[in-house]
Amino acid sequence: MFDFSIVTTWFDGLLRHTLGLGDLWAILIECVVVGLSILTAYALLAIVLIFMERKVCAYFQCRLGPMRVGPWGIFQVFADVLKMLIKEIFVVDKADKLLYYIAPFLVIVASVGTFSFLPWNKGAHILDFNVGIFLVTAISSIGVLGIFLAGWASNNKYSVLSAMRGAVQMISYEMTLGLTLVAAVALTGTMQMSGIVESQTGPWNWLIIRGHIPAIIGFILFLIAGNAEANRGPFDLAEAESELTAGYHTEYSGMGFGFYYLAEYLNLFVVAGIAAAVFLGGWAPLNIGVAGFDNIMNLIPGIVWFLGKTFVVVWVLMWIRWTFPRLRIDQILTLEWKYLMPFALVNLILMTICVAYGFHG
C-alpha cells in the first residue's frame, strides 16, 4: 500500500532545503496548496454527485435524465453552474442583512471542515488530530446555525418554519450519529481517523466484519441518521416544496442559493466517506488471508478503495431517497427519540461488552 506521506515529506523538503525557504514561507505555501486541493476536490466532487443524483433519480423513475447538453448530458451540470454564477443576486428589503449574508458561509465552513477530515489514502489526511471523531461531530454542528439563520434572517414565514424544522431535525439526529461513532471508538480504541482506518487493515478486519452484530447495527443507524443530518429524503421535510416553497433558502438567489445546493451534496459525500472510513475500512483493501488474493488487492491504490466504498454508500443513500416517501415532522422526531437513539444506546452497551470480554475479532 503506497504511503502518500512520502510525497508530502518530499514536497516539504523541496521547499525548506532545495529552495532554501524559511519555516514561515514553507508553511504558508503548503497551506495554500492544501487549501487549493480541498477546494478543487470539493468542486469536482459536487459536479460528479449532482450528475450522479440526476441519473440515479432518472433510473429509479424509468426516465433518461439530462441528455441534451453534451453527450449523455455530461455538460448539463456545467451549464447550471454557469447560469448560477451569472444569476442576479437580489436582496430582501426587510431581511437582517448581516445574518442573511453570513448564513450560507456557515454552511460551507461546516461542510468544508468535515470534508477535510476524510482519510483519502495512507498518509493523505488533510486534518488528522488525535480527537478527529470529536472534531468532526463538533464542526458539522455549525451547519445547523447556517440553516437556522438563513430562515430567521430572510423574514419569510415559510423560511422560518423550514429553518425550525431543519434545526430540530439536525440537532436530534446528531445524538444517534455521535453514539454510533462512540461505539466505533470503543472497538478501535482511538478517536483519530487515520488510527481507525489503520486498525482495520489485515484479513477480515473491517469494522463491520470484526465488530459483529453491534458494528452492523451501528452502520445501519449511522446511514439513517446521516441521511437525516444531510437533510436528504425521506428526511427532507425542511425543503418540502408543496408546503414551504423552497424552504429556508427561499429568499436566496445566485451563489447564495448555490452554497446551500453545493453543501447538500458534499454533506452527502462526507456522510458516506465517514461511514466508509469508520465501518468499511476506508483506504484499507479487502484482505481474506489468502496470499495471492491479498497481494492483488494490495496493488489497488488506497484512494481507489476509499472512493469506491464511498460512492457505493452514496448510491445506497440515493436509492433510499428515491424509494421512500417524505416523512412528517412528528414521524421524523418519533423515529429518532423513540427508536434510533435507544437502539444506539443499547448498541453502544453491546459493543462495550464485546470489547470488554474480547468477543470482537
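Caption draft 1: Just the state of the cysteines, in detail. Applying the stated criterion to the full structure yields zero disulfides. Cysteine Cys 57 shares no disulfide, and the gap to the nearest cysteine sulfur, in Cys 62, comes to 11 Å.

Caption draft 2: Just the packing of aromatic side chains, in detail. Enumeration according to the criterion identifies 23 aromatic pairs in this entry. Ring geometry for Tyr 100 versus Tyr 101: centroids 5.4 Å apart, planes at 80°, classification edge-to-face. What makes Tyr 101 partly exposed here is its relative accessible area of 40%. On the numbers, 6.1 Å between centres and 55° between planes, the contact of Phe 117 with Phe 129 is tilted. Residue Phe 117 is located in the loop between helix H4 (97-115) and strand S1 (119-121), and its partner Phe 129 is located in the loop between strand S2 (124-125) and helix H5 (132-140); the two are separated by twelve residues in the primary sequence. If you follow Lys 55 out to its NZ or CZ, it ends over the ring of Trp 72, 4.4 Å from the centre.

Caption draft 3: Up close: the nonpolar core. One finds Phe 115, Trp 120, Phe 222, Phe 269, Ile 274 and Val 278 to be the most contacted residues of the largest nonpolar core, which totals 85 residues. If you tally residues by element for this core, the top one is helix H12 (residues 254-279), at 14 residues. The contact partners of Phe 269, leaving out residues within four places of it in the chain, are Leu 45, Leu 49, Phe 115, Leu 118, Trp 120, Leu 307, Thr 310, Phe 311 and Val 314.

Caption draft 4: Examining the pattern of salt bridges more closely. Tallied over the entire structure, the rule returns nine salt bridges. Of the charged contacts in the structure, one is a salt bridge between Arg 232 and Glu 264, with a shortest N-O distance of 3.4 Å. Taken together, the positions of Arg 232 in the loop between helix H10 (212-229) and helix H11 (241-244) and Glu 264 in helix H12 put the pair 32 residues apart, joining distant regions of the chain. The shortest N-O distance in the salt bridge between Arg 326 and Asp 236 comes to 3.1 Å. Here Arg 326, found in the loop between helix H14 (302-321) and helix H15 (329-356), pairs with Asp 236, found in the loop between H10 and H11; they are 90 residues apart in sequence, far enough to count as distant. Residue Arg 326 is classed as partly exposed on the basis of its relative accessible area of 33%. On the basis of relative accessible area, Asp 236 is assigned to the buried category, the value being 11%. Each of Glu 53, Arg 232, Glu 264 and Arg 321 takes part in one network of salt bridges that share partners.

The rules we used
- For every chain, the first residue of its written sequence is number 1, and the numbers climb from 1 along that sequence.
- Only residues with pLDDT of at least 70 are given local features in this predicted model, and only at 80 or more are side-chain atom pairs given and counted; all residues enter the totals for whole chains, interfaces and linings.
- By convention in this description, side-chain values take in all heavy atoms of the structure and omit both hydrogens and water.
- Our working definition of a disulfide is a cysteine sulfur pair at a distance within 2.5 Å.
- In this scheme Phe, Tyr and Trp rings, the latter by its six-membered ring, pair at centre separations within 6.5 Å, and the angle between planes marks the pair as stacked below 30 degrees, edge-to-face above 60, and tilted otherwise.
- With a 1.4 Å probe rolled over the protein chains alone, any residue whose accessible area is under 20% of its type maximum counts as buried; one over 50% counts as exposed, and the rest are partly exposed.
- The way it works is that DSSP assigns letters per residue, a run of H or I at least four long becomes a helix, a run of E at least two long becomes a strand, and they are numbered from the N terminus.
- A ring is considered to have a charge above it if a Lys NZ or an Arg CZ atom is located within 6 Å of its centre and within 35 degrees of its normal.
- Here, the term nonpolar core denotes a set of buried Ala, Val, Leu, Ile, Met, Phe, Trp, Tyr and Cys residues that are joined through side-chain atoms within 4.5 Å.
- Residues are treated as being in contact if the distance between any of their heavy atoms lies within 4.5 Å.
- In what follows, salt bridge is the name for a side-chain nitrogen of Lys or Arg lying within 4 Å of a carboxyl oxygen of Asp or Glu.

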